[in-house]
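Topology and contacts: notes
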Amino acid sequence: MAGRLRHFLQFADFDHIELAWVFERSRIIKDRFKRYQPYQPLADRTLAMVFEKASTRTRVSFEAGMYQLGGSVIHITTGDSQLGRAEPIEDTARVISRMVDIVMIRTYEQAKLERFAAHSRVPVINGLTNEYHPCQILADIFTFIEHRGPIAGRTVAWIGDANNMAYTWLQAAQRLGFRLHVSTPPGYALDASLAQAGEHLQFFSDPMEAARSADLVTTDVWTSMGYEAENEARAKAFADWQVDAEMMQAAKRDAVFMHCLPAHRGEEVTSQVIDGSQSVVWDEAENRLHVQKALMEYLVLEKNVG
Ligand code: CP
Ligand code: NVA
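Parameters at a glance
- Residues numbered from 1 in each chain as written.
- Chains lettered and ligands numbered in written order.
- Predicted model: local features only at pLDDT ≥ 70, side-chain atom pairs only at ≥ 80, totals over all residues.
- Heavy atoms only, no water.
- Phe/Tyr/Trp six-rings, centres within 6.5 Å; stacked < 30°, edge-to-face > 60°.
- Helix = DSSP H or I, 4+ residues; strand = E, 2+ residues; numbered from the N terminus.
- Buried < 20%, exposed > 50% of the residue type's maximum accessible area, 1.4 Å probe, protein only.
- Contact = heavy atoms within 4.5 Å.
- Near = heavy atom within 4 Å.
- Polar contact = N/O pair within 3.5 Å; in protein donor to acceptor, adjacent residues only side chain to side chain.
- Areas by Shrake-Rupley, 256 points an atom, 1.4 Å probe, with all protein chains shown as cover.
- 1 Å grid on protein atoms, 1.4 Å probe; cavity = no way out; pocket = protein on both sides within 12 Å on 5 of 7 lines; lining within 4 Å.
- Sits in = over half its atoms within 2 Å of the grid points.
- Nonpolar A, V, L, I, M, F, W, Y, C, P; charged D, E, K, R; others polar.
- Core = buried A, V, L, I, M, F, W, Y, C linked by side-chain atoms within 4.5 Å.
- Pairing = 2+ DSSP bridges.
- Axes fitted to C-alpha atoms, helices over the stretch in contact; angles between N-to-C directions.

Enumeration according to the criterion identifies 6 aromatic pairs in this entry. Considering the side-chain rings of F14 and Y298, the 5.5 Å spacing of their centres and the 80 degrees angle between planes classify their relative orientation as edge-to-face. Of this pair, F14 sits in the segment before helix 1 (16–34) while Y298 sits in helix 11 (residues 281–301), placing them 284 residues apart in sequence. On the basis of relative accessible area, Y298 is assigned to the buried category, the value being 10%.

Next up on the list: the side chain of T168. The residue T168 is located in helix 6 (residues 164–176) in this model. On the basis of relative accessible area, T168 is assigned to the buried category, the value being 0%. Sequence-distant contacts of T168, that is, excluding residues within four places in its chain, are made with F11, E131, Y132, H133, P134 and I137.

Within the structure, ligand 2 sits among L128, N163, N164, D220, S224, M225, C260 and L261. Residue S224 places a side-chain N or O atom 2.7 Å away from a nitrogen atom belonging to ligand 2. Protein contact buries 94% of the 270 Å² of open area that ligand 2 shows by itself. Judged by its atoms lying within 2 Å of the grid points, ligand 2 is housed in the largest pocket. Across the shell around ligand 2, the residue classes tally to 4 nonpolar, 3 polar and 1 charged.

The amide bond that connects L261 to the next residue, P262, takes the cis arrangement and shows omega of 5 degrees. With respect to the secondary-structure elements, P262 resides in the loop between strand 9 (256–259) and helix 10 (271–274). One non-glycine residue, S213, lies in the positive phi region at around 65 degrees. Within the secondary structure layout, S213 lies in the loop between helix 7 (207–211) and strand 8 (216–219).

Another point: the environment of T78. Here T78 is to be found in the loop between strand 2 (72–77) and helix 3 (89–96). Looking at T78, the relative accessible area reads 23%, which means it is partly exposed. In the structure, T78 is positioned 28 residues away from V50 in sequence and 7.7 Å away in space, judged by C-alpha atoms. T78 has contacts with F51, E52, L83 and G84, leaving out every residue within four places of it along the chain. Within the local environment of T78, its side chain forms a polar contact with the side chain of E52, the two groups lying 3.0 Å apart.

Time to look at the nonpolar core. I141 and W169 are the most contacted members of the largest nonpolar core, which totals 55 residues. In terms of residue count, helix 11 provides more of this core than any other element does, 8 residues in total. Beyond its immediate stretch of four places on either side in the chain, I141 contacts F11, F23, I151, W169, A172, L176 and F178. One finds V243, M247, I274 and V281 within the second-largest nonpolar core, a separate group that totals 22 residues.

Next up on the list: the sheet that holds strand 9. Spatial ordering of the open sheet is given by 7-6-5-8-9, a layout of 5 strands whose pairing is parallel. Pairing within the sheet leaves two strands with one partner each, and these edge strands are strand 7 (201–203) and strand 9. With strand direction ignored, the average angle separating the axes of adjacent strands in the sheet is 20 degrees. Across the face of the sheet, helix 5 (residues 134–148) comes into contact with strand 8 and strand 9 while running at roughly 160 degrees to strand 9.

The values are spatial; any link to function lies outside them.
This is the structure:
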């Protein structure tokens, strides 16, 4: 809807038409970038990035991406801003959004991100919360499309923790019409009420069965940021949820492997798989740059682009 302030707080915020637009713009923007053609539709625009958790990829891809689009970037963290001294998130949102054109936030609770967005005058992007990581799944699906074509009708196997990545994959499956096989260890299951996701979601107690006939096998760390106190218990519980060569063999012959990174070789994935021929993790990481440029372009300019 023209003129309505849009945010990207979770994957389901965009319908399939908007997602198709972002993927197509990502392709065009990536192609220009690879041919060293400057493309600066966001000249004079400013992105504020707020990090309450650590990051390598998200910071570099948003920061490089905004500069490449002609804009500039401000990076703040909890420790070096008044957020760390308990300034309310609502006040922070009111102030920052009077000074910049778009905001990206990485924080803990999704509710905090939503409170920020509710008091923001400019678009807000989720750069990861405990609940969701929608920019990563944009990059993952764009990577799948590049390597294997449309994802509709395909099968994605999620092996491991029911974390922010898993919940975002589920939203994507519902939006884009693919099947999600999920296998999590006992005690670490997805919210049972999600059984209503119906045809798009199937649970497997055996991770090998989840991987069977999958077009894409993907996993993530056993312990996400913010849950470090559970590290030891998780290492025991997740021991059989490692993606190894045998699991990749259960998948389709041309299946690809993805991991949002950072990875722990020898825990959730073997070196043989992540460094092997089916792994597309470096394209996946690079594509954060391209999809987020398309995302920022869409949120700031809507479809007024060249
Ligand atoms: N995948 C991802 O978001 O990586 P960072 O934590 O390094 O940003
Ligand atoms: N699930 C991980 C993803 C890191 C990019 C975490 O939240 O720490």
